[in-house]
Structures are given as structure tokens and as C-alpha cells.
Amino acid sequence: GRVVPTGNVIGRLKAELAQEYGLSQVPVISAPFDSKCAYIAAGLSRPGEALDISGTVTSVGVYHTSEIRDPQQRIYSVPLSGNWLVRGSTACSGSTISWAEEHLLHMDVHTWTSQAAKVPAGSQEVTFLPYLAGERTPYWNPHARGALLGIGGDTTDGVIGRAVL
């Protein structure tokens, strides 16, 4: 195929597929990776709009009028439909919930997330680094490892759960 900038319309949905799925012949847009497709499909189209995509990987992106370069490389910008998608991702986010349930908090997810919901964000400055399968923002580092920082004798399951979330 030809190389085209991300976000360009490269065709229309075939008529037979549009009919089969009850859609119009919507535009088909170039996007090099699945999360960018999710941002487009979710309708991210105006500067300032943001979207969190959670699953095996969590990505948070904000549609912005200009590229943002973070000198500490915590976030990155990619072109999207004439503007920029400013984003960051973390690997293993979906499986982190299961890991925390089984190996860290030793209770079912509904119990510990209920406890976590009662705890303010940033409580006791406990921080969880969820690098259970390496890390990918801004560069893939398969050797990165997770950590739970700031815990003390008064740290509750709710505080730990909030940090994990």
C-alpha cells in the first residue's frame, strides 16, 4: 500500500459490509496502531478532548493543536488528523488488577476496589509502579520492574488498592 499520514481518509467502507452491519459507507482512516484507531473510533476530534483506553494496556490521550515535547519523556505526541494526540501508556494494566487481587491484597476485586473508592487520591502518598511486564512509555523497557512506595504501619488495603488503581 501507499504511505499516507495518520488520520487521512484512505477509502470508504465497502457497500456490502455497510449493509451487513447496518452502517453507512463510513470513511476508512489510516492509523498505524490499535489504540490510535480507538481514539478515532471514539470520536476524539476537538482539541482538549481526552480518552482513557483500558485493557491489557492503558493509554490516556488528549487531542491537542500542537506537539508537546516532555523533556523527561513521560508523555509523547503523535500526529492525528492535522493535530496531535498527546499520550502515555502503561503495559500490563488490565492484568495488574488480577495480580493485585491474587498476590497483593488477597481479596476479591469488588471488596478491595470498594475500599479503595473510600480513599482520597494520593492518600498517604503511596505510589504503585505497575511495571509487572516491563514498561512502554515513552520507550519499551522489558526490564523495568514494579514497586509499591511509601507504605507504613498505618497503610490500609484501601490505600494500597487506590494506589494500584
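This one's a predicted model, so the numbers in the text were calculated from it and none came from an experiment.

Visitor: Would you mind going over the environment of A38 in detail, with residue names and values included?
Guide: Here A38 lies in helix α2 (residues 34–41). Given a relative accessible area of 28%, A38 falls into the partly exposed group. As a C-alpha pair, A38 and I53 span 15 residues in sequence and 7.7 Å in three-dimensional space. Non-local contacts of A38, meaning those with residues more than four positions away in its chain, are made with L51 and I53.

Visitor: Tell me what's going on with unusual backbone geometry, and back it up with residues and numbers.
Guide: At H106, a position not held by glycine, the phi torsion is positive, near 55 degrees. With respect to the element layout, H106 can be found in the loop between α3 (93–104) and α4 (109–117). Given a relative accessible area of 61%, H106 falls into the exposed group. In the Ramachandran plot, Q124 falls in the positive-phi region, its phi being about 55 degrees despite a non-glycine side chain. Position of Q124 relative to the elements: it lies in the loop between α4 and β7 (127–129).

Visitor: Go over the pairing of strand β4 (residues 58–64) with me, naming the residues and quoting the values.
Guide: The side chains of a regular strand alternate, residue by residue, between the two faces of the sheet. When strand β3 (residues 50–53) meets β4, the two strands line up antiparallel, connected through four bridges. Bridging from a neighbouring strand, L51 pairs with G61 of β4.

Visitor: Describe the confidence of the model for the protein, listing the residues and the values that go with them.
Guide: Averaged over every residue, the pLDDT of the protein is 86; the share at 70 or more is 96%. Element-level mean pLDDT values for the protein span from 78 in α2 up to 95 in helix α5 (residues 157–164).

Thresholds, definitions, all that
- Residues numbered from 1 in each chain as written.
- Predicted model: local features only at pLDDT ≥ 70, side-chain atom pairs only at ≥ 80, totals over all residues.
- Heavy atoms only, no water.
- Helix = DSSP H or I, 4+ residues; strand = E, 2+ residues; numbered from the N terminus.
- Buried < 20%, exposed > 50% of the residue type's maximum accessible area, 1.4 Å probe, protein only.
- Contact = heavy atoms within 4.5 Å.
- Pairing = 2+ DSSP bridges.
- pLDDT = per-residue confidence, 0-100.

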